[in-house]
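Overview (structure and organization)
What follows is the residue order along each chain.
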Amino acid sequence: MQGDGDGWVISERGAHYWGRYGAAGLLLRAPLPDGSPAVLLQHRAVWSHQGGTWGLPGGARDSHETPEQTAVREAQEEAGLAAERLTVRATVVTAEVAGMGGTQWSYTTVVADAGELLQTVPNRESAELRWVGEDEVAELPLHPGFAASWHRLRTLLATLPLAR
């Protein structure tokens, strides 16, 4: 059912995590004019959870979705990206939390490539969308969850040459 994933999971320590069935985000890469890789980052709207930080387009999984489907849907909603322009390359569970009442929550980062720097159309959840060179990502004020996983993701990206 569309939208049935919207809602919070509360961890055993009382922290709140968005997505009743977990969440997923899209780490989209494309070549800069010099051929080096860039990733698409979302500057989160100030009113949103962890607003003002930089992260990935993403959000709550619905009960019928795979993480890949969620990440691509959210990237379309939040950045105006067409699914047919993306090539999914890998998925990585970058966070797992035990919720109250025996529930499990996880965040999956879906790595995808585009052949070029795609135009984006931000929705109200984004203050800005920006293509950022992989070497410059850590210089931004990152969403805490993304910051915690960036080194691991960057290591994975080094093993996945950009799809052309």
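Every value quoted in this text rests on a predicted model; they were computed, and no experiment measured them. (Residues numbered from 1 in each chain as written. Predicted model: local features only at pLDDT ≥ 70, side-chain atom pairs only at ≥ 80, totals over all residues. Heavy atoms only, no water.)

1. Re the packing of aromatic side chains
This is how it is decided: Any pair of Phe, Tyr and Trp rings, taking the six-membered ring for Trp, is counted once the centres come within 6.5 Å. Such a pair is stacked with planes under 30 degrees apart, edge-to-face with planes over 60 apart, and tilted for the rest. Under the DSSP-based scheme used, a helix requires at least four consecutive residues in state H or I and a strand at least two consecutive residues in state E, with every element numbered from the N terminus.
Applying the stated criterion across every chain, the model contains 3 aromatic pairs. Both rings, one in tryptophan 8 and one in tryptophan 18, keep their centres 5.0 Å apart while their planes meet at 70°; by these two values the pair is edge-to-face. Note that tryptophan 8 is positioned in strand β1 (residues 8–10) and tryptophan 18 in strand β2 (residues 16–18), a separation of 10 residues in sequence. Arranged with centres 4.8 Å apart and planes meeting at 35°, the rings of tyrosine 17 and tryptophan 105 form a pair that is tilted. In this pair, tyrosine 17 is assigned in strand β2 and tryptophan 105 in strand β8 (residues 104–113), connecting sequence segments 88 residues apart.

2. As for the environment of leucine 41
In plain terms, the rule: Any two residues whose heavy atoms approach within 4.5 Å at even a single point are treated as in contact.
Structurally, the position occupied by leucine 41 is in strand β4 (residues 37–44). Sequence separation between leucine 41 and glycine 5 is 36 residues, and the spatial gap between their C-alpha atoms is 23 Å. Setting aside chain neighbours within four positions, we find leucine 41 in contact with Trp54, Gly55, Leu56, Glu128, Leu129, Arg130, Val132, Val137, Leu140 and Phe146.

3. Let's talk about the pattern of salt bridges
Stated formally: For salt bridges, the criterion is a side-chain nitrogen of Lys or Arg within 4 Å of an Asp or Glu carboxyl oxygen. Burial status follows relative accessibility: with a 1.4 Å probe on protein chains alone, a residue under 20% of its type maximum counts as buried, one over 50% as exposed, and anything between as partly exposed.
On inspection of all chains with the given rule, the structure shows 9 salt bridges. Where arginine 73 meets glutamate 77, a salt bridge forms, and the shortest distance between an N and an O atom there is 3.1 Å. Linking arginine 73 with glutamate 77, this pair stays in helix α1 (residues 67–79), spanning 4 residues, or about one helical turn. The class for glutamate 77 is partly exposed, based on a relative accessible area of 38%. The partner of arginine 154 in a salt bridge is glutamate 134, with the nearest N and O atoms 3.3 Å apart. On the criterion of sequence distance, the pair formed by arginine 154 in helix α2 (residues 144–158) and glutamate 134 in the loop between β9 (126–133) and α2 is long-range, its members being 20 residues apart. Each of the salt bridges in this network shares a partner with another, and the network as a whole consists of Glu65, Arg73, Glu74 and Glu77.

4. Topic: the side chain of glutamate 74
Within the fold, glutamate 74 resides in helix α1. Under the relative-accessibility criterion, glutamate 74 is labelled buried at 7%. If sequence neighbours within four positions are ignored, glutamate 74 has contacts with Gly58, Gly59, Ala60 and Ala79.

5. Describing the environment of glutamine 42
Definition in use: Whenever a nitrogen or oxygen atom comes within 3.5 Å of another N or O atom, the pair is scored as a polar contact, on the condition that within protein one atom can donate a hydrogen and the other can accept it, and that pairs from neighbouring residues in sequence are kept only if both atoms are in side chains.
Here glutamine 42 shows up in strand β4. With a relative accessible area of 1%, glutamine 42 lands in the buried category. Considering only alpha carbons, one finds glutamine 42 and proline 122, 80 residues apart in sequence, at a separation of 8.6 Å. Apart from residues lying up to four places away in sequence, glutamine 42 is in contact with Thr53, Trp54, Gly55, Leu56, Pro57, Glu78, Glu125, Ser126, Glu128 and Leu129. A polar contact of 2.8 Å, which involves the side chain of glutamine 42, links it to the side chain of serine 126.

6. Considerations on the nonpolar core
For soluble globular proteins, the rule of thumb is that nonpolar side chains tend to be buried together. Inclusion rule: To qualify as a nonpolar core, a set must consist of buried Ala, Val, Leu, Ile, Met, Phe, Trp, Tyr and Cys residues joined through side-chain atoms within 4.5 Å.
Ranked by internal contacts, the top residues of the largest apolar core, which has 22 residues, are Leu27, Leu41, Val137, Phe146 and Trp150. Secondary structure elements with two or more residues in this core: β3 (23–31), β4, β7 (87–98), β8 and α2. Of the residues forming this core, the biggest block, 4 residues, is contributed by α2. Beyond its immediate sequence surroundings of up to four residues, valine 137 is in contact with Val39, Leu41, Val132, Leu142, Phe146 and Trp150. Counting residues in each nonpolar core, the second largest holds 18 residues, with Ala24, Leu40, Ala75 and Ala114 among its members.

7. Focus: the UniProt feature "domain: Nudix hydrolase" (unreviewed entry) in the protein chain
The cut-off we apply is this: UniProt positions are given in the numbering used here, feature names are shortened, and annotations may be inferred rather than shown by experiment.
The sites that UniProt annotates as "domain: Nudix hydrolase" (unreviewed entry) are residues 19–160. For residues 19–160, the helix share is 20%, the strand share is 37%, and the end-to-end C-alpha distance is 29 Å.

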